[in-house]
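Chain by chain, the residues run as shown.
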Amino acid sequence: MKKIALLFFLFFSFLSLQAQILDPVKWTSKIEKKSDSEYLLTFTGTIEPEWHVYSQFTPDGGALPLEVLANNSENNFSLEGKAKESKTKTAFNEVFEVDETFFEGTFSLEQLVKTTNPDNNLLQIELSYQVCKEVCIQQNKYFEFDLKNSQAVEVQAFSETKPAEVKKEIVAEKTEKKEEGDPNPWTILIGTFLAGILVTFTPCVFPMIPMTISFFLKQNSNKAKGKFNAFFYGFCIVAIYVLISLPFHFFESLNPDIFSEISTNVYLNIFFFLIFVVFAISFFGAFEITIPNSIANKADNASNTSGLMGIFFMALTLIIVSFSCTGPALGLVLGSVLSTEGGAMLLTISMLGFGLGLSMPFIFFALFPSMLKNLPKSGGWLNSVKVVFGFIELALAFKFLSNADLVLQLHLLEREVFLAFWIAIFFALFLYLFGKLTLPHDSPMQSVSVGRMLLGLVSLAFTVYLVPGLWGAPLKLISGFPPPLNYSESPLGIGNNGGSSLNQELPIGAKLSVHGIVAFEDYEDGFKYANEIGKPILLDFTGRACVNCRKMEESVWSDAAVLSILKNEVVLISLYCDEKRELPESEHFKSKVTGRKITTVGGKWSDFQISKFNSNARPYYILLDNNEKMLSEPIAYEPDIDIYLDWLKSGISKFK
């Protein structure tokens, strides 16, 4: 029991650390008047043990140097040379092969400032630096100095929004709120909980429910203790599934953008596609996927241990021996969540939901053992549940293949081909449910039950619903799953020659996007065009394989009022943050945010979004004027058409 308690303590301690924002350097500042026009600004940083901050003078080729930047300096003041630093250390970095200069412990910077505007009483100074241990964090701290009262204060963001340098910079307020584009945790929890419950109705798990509960109740003469042991058994099932997600928190701590990279990685999407196809074929009865017997035997032997530890290993044994049924469903949960950008916490929530669903029958019947007699008897219907899972798993497999095709822009699995596969799969499911298609482990069926008939009719109705999609119907019920409307053999629909939309002359660098909207996929091209015609910019951070982006385009942008604005009142710049196309070698650069080398177009736009707007949500929409100033607060995934329309109108009215 102590070992189990220790595991839970370590797990929740780890989660609490992940929930904190790393801030290894604490700052104080002060201002000293040297003359009527000169002031000495002193910054003192205290670095946590084992971390270090790089000096202004660390050589090129290594980590990023510290910078002292003036925000409101134009016509107000100037920085007199580089800041004077306290004692530094030098060490050779074997990775970059340079002698790096850095601070440890407590250090200070002294920056002399000369004022040029006697009416200005405010100095705004930004410190940009990289602090490293096993990983590096790019941080920016903001300080305001009151010249009149000789006061200094650290602020979250400058009270004014003028450019930090002569070079134009887009300034975005940094917030710690959850991005609106992230998947809803409650939706994930409920969905995976239902998946866990459904998995219990499979041949590997369902017969174990009465056997396991009866074992615990008969093992102890004390019924209360027997109920507790059965309840603890279910609790251990949940714990084991949650613990599976732990390594992903570690991976995310090393690379915060790892889930975004997984969701758009071509090879991983193809891998998930193959895994899902194999799992589906397994559910159809061609073979069984099992964990090696040696592992199952070790867990079973450990379950003979007395006490709560033995119950823990009994739960582990159930999870191992039932893998042929739960494995494909668990793969569906893992693959679906890992292909989103929700992060490790969302994965933990999904595993919690799945574990709760799988353990719920054990917990329920432990509390109410008299209800066991109401359980339906095992039979051929259990195999039918597996087969239905197989059809669903096969359909979802094509989403991963579609992601890979979209990212690479190969046009091998365009919208019509994708829908053709889904139509075939769900029509085959209809035939199976009505007994017109049988598989190896099916029992003879004398008649179709009411449940099978109703589910079969749903499958048939869904198949009929999909058919018009082959001719360009929007299919809003499944928006985000098939490739977008413009990723098609007939982007404007069969029988539509496009009229003026197809023949119109496009601006240099523009493309015809979804719904015939003219869009730019390069920021500089779009910004230049917006200035030429005097329209505001709608900056759209999106992705080729982004489900919520497609839902917005197909369900919100298709609204007549929204579409009119997108076509006539703004310049749309869609930046695909998962674009795998290589940048010219001369345009490769090192990210100031992550320190990583950026070599792809998608990496460039992703770094642009993170560094300028402190967000990596997709979709993410920003309205800018022709001076690159935000017209309103950015908005992420917003399926409510009225809210999105009001947001567009509000920003455009400010521009006018």
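An unreviewed UniProt entry annotates the protein as Thiol:disulfide interchange protein of Flavobacterium ichthyis. Quoted verbatim from the Subcellular location (unreviewed entry) field of the UniProt record, the comment on the protein reads "Membrane".

What follows is about the overall build of the protein. Across its full length, the protein carries 20 helices and 19 strands. In the protein, which comprises 656 residues, the proportion classed as buried is 48%. Residue pairs at least 24 apart in sequence account for 71% of intrachain contacts in the protein once pairs closer than 6 positions are excluded. Surface summary for the protein: the accessible area is close to 31900 Å², and the carbon and sulfur share equals 60%.

Moving on: the state of the cysteines. Defined simply, a disulfide is a covalent bond joining two cysteines at their sulfur atoms. The full count for this structure, using the stated rule, is one disulfide. Free of any disulfide, Cys577 has its nearest cysteine sulfur in Cys549, 8.6 Å distant. Judged by relative accessible area, Cys577 falls into the buried class, the value being 7%.

What follows covers the pattern of salt bridges. Note that side chains of opposite charge can pair when their charged atoms are close. One pass over the structure, following the stated rule, counts eight salt bridges. For Lys34, the salt bridge goes to Glu32, with nearest N and O atoms at 3.4 Å. Residue classification places Lys34 among the partly exposed positions, given a relative accessible area of 48%. Judged by relative accessible area, which is 38%, Glu32 ranks as partly exposed.

Moving on: the UniProt feature "transmembrane region" (unreviewed entry) in the protein. Using the residue numbers shown here, the UniProt feature "transmembrane region" (unreviewed entry) corresponds to residues 186-209, 230-250, 270-291, 311-338, 344-368, 380-398, 418-434 and 454-473. Between the end C-alpha atoms of residues 186-209 there is a gap of 27 Å, over a span that is 67% helix and 0% strand. Note that residues 454-473 is 65% helix and 0% strand, and that its end C-alpha atoms are spaced 26 Å apart.

For strand S15 (residues 537-542), the tally of buried residues reaches six of six residues, placing the bulk of the element in the interior. Bridge count between S15 and strand S16 (residues 571-576): six bridges; the pairing is parallel. Bridging from a neighbouring strand, Leu538 pairs with Leu572 of S16. Bridge count between S15 and strand S19 (residues 620-624): five bridges; the pairing is antiparallel. When the sheet's bridge partners are listed, Asp540 is paired in S19 with Tyr621.

On the secondary structure map, Glu585 appears in the loop between S16 and strand S17 (589-590). Spatially, the C-alpha atom of Glu585 lies 7.5 Å from that of Thr599, the residues being 14 residues apart in sequence.

On to unusual backbone geometry. One non-glycine residue, Ser150, lies in positive phi territory at about 50°. A positive phi angle, close to 60°, is found at His411, a residue other than glycine. You can see His411 is positioned in the loop between helix H12 (380-408) and helix H13 (415-433).

The next point concerns empty space enclosed by the protein. Tallying each qualifying case throughout the model produces one cavity of 30 Å³ or more. Put simply, the largest cavity is a space of about 30 Å³. Forming the boundary of the largest cavity are Glu521, Arg544, Tyr576, Glu579, Arg581, Val601 and Trp605.

It is worth spelling out the nonpolar core at this point. Ile213, Tyr233, Ile237, Tyr241, Phe354 and Phe362 are the most contacted members of the largest nonpolar core, which has 39 residues in total. Of all the elements in the fold, those that place two or more residues in this core are helix H2 (185-199), helix H3 (208-219), helix H4 (223-244), helix H9 (308-321), helix H10 (323-338), helix H11 (344-367) and H12. The element contributing the most residues to this core is H11, with eight residues. Aside from chain neighbours lying at most four places away, what touches Ile237 is Ala315, Leu318, Ile319, Gly355, Leu358, Ser359 and Phe362.

Let us look at a nonpolar patch on the surface. A cluster of nonpolar residues, Phe231, Phe235, Phe364, Leu367, Phe368 and Met371, forms a patch on the protein surface that exposes about 520 Å² of accessible area. Broken down by secondary-structure element, the contributors of at least two residues to the nonpolar patch are H4 and H11. Inspection of the secondary structure puts Leu367 in helix H11.

It is worth spelling out the packing of H2 against H11 at this point. The interhelical angle for the contact between H2 and H11, taken along N-to-C directions, is 35°, at an axis separation of 6 Å. In this structure, H2 crosses over H11, and the sense of that crossing is right-handed. Contacts between H2 and H11 involve Pro185, Ile188, Leu189, Thr192, Phe193, Ala195, Gly196, Ile197 and Val199 from the first element and Leu346, Ile349, Ser350, Leu352, Gly353, Phe354, Leu356, Gly357, Leu358 and Met360 from the second. Counted by class, the contact of H2 with H11 contains 14 nonpolar, five polar and no charged residues.

Conventions and cut-offs
- Residues numbered from 1 in each chain as written.
- Predicted model: local features only at pLDDT ≥ 70, side-chain atom pairs only at ≥ 80, totals over all residues.
- Heavy atoms only, no water.
- UniProt positions renumbered as here; feature names shortened; annotations may be inferred.
- Helix = DSSP H or I, 4+ residues; strand = E, 2+ residues; numbered from the N terminus.
- Buried < 20%, exposed > 50% of the residue type's maximum accessible area, 1.4 Å probe, protein only.
- Contact = heavy atoms within 4.5 Å.
- Areas by Shrake-Rupley, 256 points an atom, 1.4 Å probe, with all protein chains shown as cover.
- Disulfide = S-S within 2.5 Å.
- Salt bridge = Lys/Arg side-chain N within 4 Å of Asp/Glu carboxyl O.
- Pairing = 2+ DSSP bridges.
- 1 Å grid on protein atoms, 1.4 Å probe; cavity = no way out; pocket = protein on both sides within 12 Å on 5 of 7 lines; lining within 4 Å.
- Points joined across faces, edges and corners; volume = space filled by probe spheres on them.
- Core = buried A, V, L, I, M, F, W, Y, C linked by side-chain atoms within 4.5 Å.
- Patch = residues over 30% accessible without salt bridge, like charges linked within 9 Å, V, L, I, M, F, W, Y side chains within 5 Å.
- Axes fitted to C-alpha atoms, helices over the stretch in contact; angles between N-to-C directions.
- Left-handed = near helix turned anticlockwise from the far one by under 90°.
- Nonpolar A, V, L, I, M, F, W, Y, C, P; charged D, E, K, R; others polar.

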